[in-house]
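Observations on the model geometry
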Amino acid sequence: MAAHRSGPLKQQNKAHKGGRHRGRGSAQRDGKGRLALKTLSKKVRKELSRVDQRHRASQLRKQKKEAVLAEKRQLGSKDGPPHQVLVVPLHDRISLPEAFQRLQDRDTGTVHLTNWGSAHSFMLLCPRLKHRWFFTSARPGDLHTVLDLAKVADTILFLLDPLEGWDSTGDYCLSCLFAQGLPTYTLAIQGISGLPPKKQIDARKKLSKVVEKRFPDDKLLQLDTQQEAGMLLRQLANQKQRHLAFRDRRAYFFASAADFVPNEENNLVGTLKISGYVRGQTLNVNSLLHIIGHGDFQMKQIDAPMDPFPLNPRVVKSQKDPSMAMEICDMDAVADMEEDLKVLMKADPDRQESLQTEVIPDPMEGEQTWPTEEELNEANDFLKKSSKVVKKVPKGTSSYQAEWILDEDGESGGEGDEYDDIEHEDFMEEESQDESSEEEEEEECETMTIGESVRDDLYDEKVDEEAEEKMLEKYKQERLEEMFPDEVDTPRDVAARIRFQKYRGLKSFRTSPWDPKENLPQDYARIFQFQNFTNTRKRVFKEIEEKEVEGAEVGWYVTLHVSAVPVSVVEYFRQGGPLIAFSLLPHEQKMSVLNMVVSRHPGNTEPVKAKEELIFHCGFRRFRASPLFSQHTAGMHSLIATGHLLSVNPDRMVIKRVVLSGHPFKIFTKMAVVRYMFFNREDVMWFKPVELRTKWGRRGHIKEPLGTHGHMKCSFDGKLKSQDTVLMNLYKRVFPKWTYDPYVPEPVPWVKSEISSMVPEVDTA
């Protein structure tokens, strides 16, 4: 008879919990006076009724709405700075003069053309909308100008092509802007009215699908008629502003006019007078000023001239006929600026921030001194806690290396005596196969023919053979690095103990101690180090929010007197380059080591070496530095990587690893004779304490050298395979070079980057 089996839908009741019922008194007796967690917390939350909760939520919503409306009303109003709009055409078919002509409508407001270098820019005053705009432009190919103007622009107006949206140059420009951080933006189509009426709807649908990849759920406006331009201006005026953290915490400044007064002693250095509107935060004359691409400077004085572009011009009544009145235009008001000029603030030498960026090292600081009693007591306590182990070690071996050196009995005093299990790494390709494949590729390239063309000779003239050879060599090195990471060949003309004398062997890279203050380069004596950078940054940000700063308020038109400025800065402005300045927070001018986390940009596929220069756009700074990367020239600049700041800590170590490889010559169970790792007996004795590993997961060490040609007898934790490779890891700490250069006014060939870089402190959050 078959047994009954219950189905999957059978009800299963919850098991009854046995035991006696505990009352409140027994629970308190078992607690023995312990307090509840809510009572121990710092803040006791007041339980509000449901009506009070709704009332509080409505108040918070009302406060947020009022803050957004106040921000909208201030930007572009008579009391606030003009609404700065950066116009960026994303396609070659976009006509920038035509777009500016649509926006410069005399019926909408008053237009004032500005002489800001060679770029197109104008001021639009619209009393009817109670708003004023300042439009600037830059071509996508001029990367530095686009990124610099985007740092201070309130809104970016992207002009799209009705058929393709953007071309390759426009896509590259968008990638750079997204990596830097986008402020408020608006999308406009130019030229869609020129298409046939039946194709306009299809073109708009196709363009919406293309735009959705980068700008999801964004509305597309048109800019072909004066009416559409008016709708675009209303959209710009009523749009909610997106915030960038590095702008909200600092005062920043876009110069609309500049003048240079040279010093009497040296004509190449003088006082730079730049005029413009204060944005972001209140500008204090005692703080430092960073001019993008030129460096840090001190201010001497802040003047308050009359605003040259008032939203409502002044009205002056005639003395003879009070009924008659005339408006003073902006150009006539310029003549009265000298009379209305007044000094807001002058720098106080006692309160002014210092320009010191480096520590002046004391050569006697590292001299040996007699220890104090506290230091002697600490040393005695440490010796009592630590156990003493006597070992025979080679001459010159440090204490941490001696911890894992094997004794005569085959035991070590340090941790990690057991051989760790390593995942099996499958290496199917051998060197002979790689060399044969490379030869076959070279033969294919040599026998390849190209179809006849009339322009073949012109094509060859444009090819740089030297650059092609360098790039081919980089590709070969990158391929070898991918196939054999960190593996290097031992030189035969130089002893390995001399070639790798700066490296050290570690039994465990994770657990072995490494003092971050050990063997530092001389440049590290010139940098600043915070005891706690995170707490210092929080304290400075809190002071910005709570403390009231005296100086030029946001929206004021001021003139800054910047001292000790080279004449090249004003020449750069007269040639059409923008002058953009940011006030620095405390300690931001000081040099330290920045550790950055970057990820490779998908649009860049060319190999990048280490230890060369790169151009960095980090927050509001633009500078050249030599972290651990490499240089290649590819015509226009190429976006290599994007990332964020990890920490500001000189003690964070960047370690370089090299791997020496050898091949098993004779195998006897757990013993093997290895060759080709070294080529003389002395090197084998020198590297004898270093642990060995194999690509197939074995661990071992050197027992003794054999002969005088570098052969050595090694023991492992298991039997080796004949196709296995014996490896030795060596480690060395590397340091970034002191090559920080804030002067990057013009494009230069693409340079190199590293993960750790020596630059002034800057917060990019």
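Cut-off values and rules
Residues numbered from 1 in each chain as written. Predicted model: local features only at pLDDT ≥ 70, side-chain atom pairs only at ≥ 80, totals over all residues. Heavy atoms only, no water. Helix = DSSP H or I, 4+ residues; strand = E, 2+ residues; numbered from the N terminus. Areas by Shrake-Rupley, 256 points an atom, 1.4 Å probe, with all protein chains shown as cover. Salt bridge = Lys/Arg side-chain N within 4 Å of Asp/Glu carboxyl O. Buried < 20%, exposed > 50% of the residue type's maximum accessible area, 1.4 Å probe, protein only. Pairing = 2+ DSSP bridges. Phe/Tyr/Trp six-rings, centres within 6.5 Å; stacked < 30°, edge-to-face > 60°. Lys NZ or Arg CZ within 6 Å of the ring centre and 35° of its normal. Axes fitted to C-alpha atoms, helices over the stretch in contact; angles between N-to-C directions. Parallel < 35°, antiparallel > 145°, perpendicular 65-115°, else oblique. Contact = heavy atoms within 4.5 Å.

Helices and strands together make up the secondary structure of the protein, namely 20 helices and 29 strands. Carbon and sulfur atoms provide 50% of the accessible area of the protein, an area that totals close to 47700 Å².

For the structure shown, the criterion picks out 19 salt bridges. In this structure, E358 and R526 form a salt bridge, with 2.9 Å as the shortest nitrogen-oxygen distance. With a gap of 168 residues between them, E358 in the loop between β15 (343-346) and α12 (373-385) and R526 in the loop between α17 (496-499) and α18 (533-546) connect regions that are remote in the sequence. Because the salt bridges share partners, they merge into one network encompassing R93, D161 and E164.

Moving on: the pairing of strand β20 (residues 614-618). Summarising burial for β20: four of the five residues are buried, a large majority. Inspection of the sheet shows β20 paired to strand β21 (residues 621-625) by five bridges, in the antiparallel sense. Within β21, the residue paired with H617 across the bridge is R622. The turn joining β20 and β21, which pair antiparallel and follow one another in sequence, is formed by two residues; a positive phi near 65° is taken by G619.

Turning our attention to the packing of aromatic side chains. Each aromatic ring pair is summarised here by two numbers: the centre-to-centre distance and the angle between the ring planes. Throughout the structure, instances matching the rule amount to 17 aromatic pairs. With a centroid separation of 5.2 Å and an interplanar angle of 10°, the aromatic rings of F678 and F687 are classed as stacked. The rings of F158, W166, F178, Y185 and F215 are connected pair by pair, giving a single aromatic cluster. The aromatic ring of F541 is capped on one face by R249, whose charged end is 3.9 Å from the ring centroid. Lying over the aromatic face of W514, R504 brings its terminal NZ or CZ to 4.1 Å of the ring centre.

Turning to the packing of helix α4 (residues 96-103) against helix α8 (residues 226-238), a few remarks are in order. Viewed as axis vectors pointing N to C, α4 and α8 meet at an angle of 80°, and their least axial separation amounts to 8 Å. Regarding the angle of α4 to α8, the classification is roughly perpendicular. The residues of α8 that touch α4, namely those facing Q101, R102 and L103, are Q226, A229, L232 and L233.

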